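# Structure at a glance
Listed below are the residues making up each chain.
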Amino acid sequence: MNEEQKKAQINKSSTGEKDYSQYFETTYTPPSLKQAKKRGKENIEIHYDFDVPEDMQQIGKDKKFLIRTYGCQMNEHDSENMAGILMRMGFESTAAVEEADVILINTCAIRENAENKVFGEIGHLKALKQENPGLVIGVCGCMSQEESVVNRILQKHQQIDLIFGTHNIHRLPELLKNAIFGKEMVVEVWSKEGDIIENMPRARKGKIKGWVNIMYGCDKFCTYCIVPYTRGKERSRRPEDIIEEVRHLARNGYQEITLLGQNVNAYGKDLADIDYGLGDLMDEIRKIDIPRVRFTTSHPRDFDDHLIEVLAKGGNLVEHIHLPVQSGNNDILKLMARKYTRESYVELANKIKKAIPNASFTTDIIVGFPNETEEQFEDTMTLVKEMEYDSAFTYIYSPRDGTPAAKMEDNVPHEVKKKRLARLNALVNELSAEKNKEYPGKTVEVLVEGESKKDPEVLSGRTRTNRLVNFRAPKSTIGTVIYVKITEAKTWSLNGEVVEPAEVNI
């Protein structure tokens with residue numbers, strides 16, 4: 001372990017408003033645009049030798065763990081890795097906090113609301129810790145990479161036993177051992193990006209859909225986004241390792257995989273020895289016998305012609321394109337450092353539509369970026385109408401400490417931002433409902449995912465374009481691809497009846 005990777009252990013008896021920055025001199029670098037943009041060209045190593053040390057393989061015997069996950073699919077993927085490691089250490093999973101001997105909170109830093117939820121949960125766990133002093137509570141994920149967050153935990157939440165970051169999940173056995181047997185709070189947060197650890201165990205949720213991480217980090221530095229600081233620079237896995245993982249999932253009956261990356265379209269740009277991108281990878285995965293392949297999250301700047309050409313081949317490559325736009329106004333896009341214009345975004349979308357006529361588009365939109373005017377917001381509204389998105393993830397701008405946007409003066413009242421968000425959501429809902437009205441009478445392919453959340457007698461699943469469909473069918477169809485004739489359209493979902501394959505003519 002080098003100097004940057006040394007851990008800091010803080011005595012739990014510490015109290016008061018002490019400055020804890022001294023503990024991070026060699027272990028922790030706070031988010032800094034200046035420092036992050038000075039990222040070096042040092043090589044990222046790939047390791048295939050992960051194992052839980054023999055003396056730690058039974059630490060969890062007759063004990064249980066619980067992982068609470070906030071945020072994106074990447075966090076879900078990380079939690080699967082942590083669960084796999086804990087099971088290798090002898091722990092069993094539980095959904096009840098009262099039964100848990102270890103609780104890990106895998107955090108998200110992308111919006112203030114997510115952080116507030118985490119600190120609320122940390123507060124609720126204090127009473128549980130008092131009742132059960134042997135309980136180990138850990139905080140990990142993106143919030144752990146923020147110096148202000150770690151200092152707040154150290155100063156005000158002494159019930160926490162363990163803090164670690166996004167780059168050292170593979171160190172969990174050693175860290176947990178120190179937390180269990182030591183008397184100090186264990187803090188290990190690496191400022192340097194981690195290497196790629198290929199053979200960590202993974203406890204996947206379910207046997208139908210699987211996440212496959214193809215790269216880590218992001219180099220885009222959008223002015224509002226904390227991800228380049230919490231996840232580090234872009235590091236791609238080797239294509240042969242990804243393809244073998246997909247083949248393994250196919251052999252084990254998985255029906256759908258989603259290729260993951262903070263900026264998935266940038267895959268392969270850091271692979272110095274081969275000219276290989278996301279289009280090349282998906283062209284190979286297209287030949288694997290797995291029914292559906294998705295990918296997220298895209299950046300419009302990296303959505304190249306070769307990828308479009310490959311996606312147009314269809315097959316198991318579904319025609320659902322998630323293409324975050326964030327704003328429909330060029331001045332706001334420039335302030336966001338998105339490095340594209342409204343016009344170039346629409347041109348890209350039209351190019352995709354021409355190659356894949358039945359493609360569905362979803363997006364991410366931020367409302368109320370600092371000093372957004374009414375006219376600039378209206379540009380976003382007209383873009384949404386022009387694109388006719390099937391759905392959108394919409395948010396009020398949330399300043400993130402350490403990002404350039406957080407330093408921008410903002411004269412737009414919060415109430416104005418809330419009203420704009422409501423107007424945008426009303427438009428998105430209207431467009432979604434109109435799109436769904438086209439479906440009654442049509443037959444669609446549906447991957448049956450399980451029981452409906454509202455009625456256990458009704459099953460639900462998603463189309464290739466990611467529309468939610470509810471229908472009645474035997475439970476034995478869960479985990480299979482079936483055909484459903486749509487009978488009713490709602491704003492966000494469709495109802496239908498199962499039809500036999502022989503009746504299908506689509």
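All figures in this text were calculated on a predicted structure; none of them were measured in a lab.

The rules behind these values
- Residues numbered from 1 in each chain as written.
- Predicted model: local features only at pLDDT ≥ 70, side-chain atom pairs only at ≥ 80, totals over all residues.
- Heavy atoms only, no water.
- Helix = DSSP H or I, 4+ residues; strand = E, 2+ residues; numbered from the N terminus.
- Buried < 20%, exposed > 50% of the residue type's maximum accessible area, 1.4 Å probe, protein only.
- Polar contact = N/O pair within 3.5 Å; in protein donor to acceptor, adjacent residues only side chain to side chain.
- Phe/Tyr/Trp six-rings, centres within 6.5 Å; stacked < 30°, edge-to-face > 60°.
- Lys NZ or Arg CZ within 6 Å of the ring centre and 35° of its normal.
- Core = buried A, V, L, I, M, F, W, Y, C linked by side-chain atoms within 4.5 Å.
- Contact = heavy atoms within 4.5 Å.
- Pairing = 2+ DSSP bridges.
- Right-handed = clockwise from strand over helix to strand, strands pointing away.
- 1 Å grid on protein atoms, 1.4 Å probe; cavity = no way out; pocket = protein on both sides within 12 Å on 5 of 7 lines; lining within 4 Å.
- Points joined across faces, edges and corners; volume = space filled by probe spheres on them.
- Domains from an automatic or database assignment.
- Axes fitted to C-alpha atoms, helices over the stretch in contact; angles between N-to-C directions.
- UniProt positions renumbered as here; feature names shortened; annotations may be inferred.
- Expected span 1.5 Å × (residues − 1).
- Salt bridge = Lys/Arg side-chain N within 4 Å of Asp/Glu carboxyl O.

With that settled, the discussion passes to the side chain of T107. By the element assignment, T107 lies in strand β5 (residues 102-107). Residue T107 is classed as buried on the basis of its relative accessible area, which comes to 0%. Polar contacts involving the side chain of T107 include one to the main-chain carbonyl oxygen of C140, which spans 2.7 Å. Here M143 takes part through its backbone nitrogen, which lies 3.0 Å from a polar atom of the side chain of T107.

All told, the structure shown has six aromatic pairs when counted by the stated rule. Relative to Y276, the ring of Y267 has its centre 6.3 Å away and its plane inclined at 80 degrees; by these criteria the two rings are edge-to-face. Note on accessibility: Y267 and Y276 belong to one class, buried. Where F295 meets F303, the ring centres are 6.2 Å apart and the plane angle is 55 degrees; that geometry is what we call tilted. The class of F295 is buried, set by a relative accessible area of 8%. Each residue in the set Y224, F369 and Y397 is aromatic and connected to the rest through ring pairs, giving one cluster. The ring of F119 carries the charged tip of R152 above its face, separated from the ring centre by 3.6 Å. The ring of F361 carries the charged tip of K353 above its face, separated from the ring centre by 5.5 Å.

Attention now goes to helix α8 (residues 278-285). Within α8, six of the eight residues are buried, leaving the element largely enclosed by the surrounding structure. Listed as buried for α8 are L278, G279, L281, M282, D283 and I285.

Further remarks concern the nonpolar core. Membership of the largest hydrophobic core comes to 57 residues, with the highest contact counts inside it found for I214, L259, L278, L281, M282 and F303. For F303, the contacting residues outside a window of four places in its chain are N265, F295, S298, I308, L311, I321, L323, L348 and I352. Among the nonpolar cores identified, the runner-up in size contains 31 residues, and V97, F119, L135 and I137 belong to it.

The subject of this paragraph is the pairing of strand β8 (residues 184-188). Across the five residues that make up β8, a large majority, four, are buried. Bridge count for strand β7 (residues 162-164) against β8 is three bridges, and the pairing is parallel. Within β8, the position partnered with L162 by the bridge is V186. Between the parallel elements β7 and β8, the chain passes through helix α5 (residues 172-181) in a crossover that is left-handed.

All right, on to empty space enclosed by the protein then. Considering all chains together, one arrives at two cavities of 30 Å³ or more under this definition. Considering only enclosed or pocket space, the largest cavity measures out at about 170 Å³ in volume. At the level of elements, α2 (73-88) and β9 (196-197) are the ones that each hand at least two residues to the lining of the largest cavity. Looking at the lining of the largest cavity element by element, the count peaks at three residues for α2. Composition of the lining of the largest cavity by domain shows at least three residues from each of domain 1 (23-188) and domain 2 (204-438). Of the voids in this model, the second largest cavity is the one considered here, and its volume is about 40 Å³. Lining the second largest cavity are H77, N81, I197, E198, N199, M200, R202 and Y216.

The strand order across the open sheet built from three strands is β10-β13-β14, with neighbouring strands paired in parallel fashion. Each end of this open sheet is capped by a strand with a single partner; those strands are β10 (209-213) and β14 (292-296). With direction set aside, neighbouring strand axes in the sheet form an average angle of 25 degrees. Seen against the sheet, α2 touches β10, β13 (256-260) and β14 and runs at an angle of roughly 95 degrees to β10. On the sheet, α8 packs against β13 and β14 and is oriented at approximately 165 degrees with respect to β13.

Let us look at the UniProt feature "domain: MTTase N-terminal" (unreviewed entry) in the protein. This chain's UniProt record puts "domain: MTTase N-terminal" (unreviewed entry) on residues 63-181. Segment residues 63-181 splits into 47% helix and 19% strand. End C-alpha atoms: 15 Å apart.

Since the α-helix advances by 3.6 residues per turn, residues separated by three or four positions end up pointing in the same direction. With 16 residues, α2 extends 23 Å between its outermost C-alpha atoms, agreeing within 8% with the 22 Å of an ideal straight helix rising 1.5 Å per residue. With respect to burial, α2 is a largely interior element, twelve of its 16 residues being buried.

Under the local residue numbering, the UniProt record ascribes the feature "domain: TRAM" (unreviewed entry) to residues 437-500. Counting secondary structure, residues 437-500 comes out at 0% helix and 53% strand; the distance between its end C-alpha atoms is 23 Å.

This part is about the pattern of salt bridges. The final tally for this structure, using the stated rule, is 38 salt bridges. Residue K313 pairs with D283 through a salt bridge whose shortest N-O separation is 3.1 Å. A residue pair is termed long-range when its members are at least 10 positions apart, and K313 in the loop between α9 (305-311) and β15 (320-322) and D283 in helix α8 qualify at 30 residues. Among the salt bridges present, the one from E415 reaches K418, with a minimum N-O distance of 3.5 Å. In this pair, E415 and K418 both sit in helix α13 (residues 414-436), three residues apart, roughly one turn of the helix. The partly exposed category is assigned to E415, whose relative accessible area is 47%. A residue is classified by how much of its surface remains accessible, and K418, at 40% relative accessible area, is partly exposed. What emerges from the salt-bridge pattern is a single network uniting K209, E256, R292, R294, E445 and E449.

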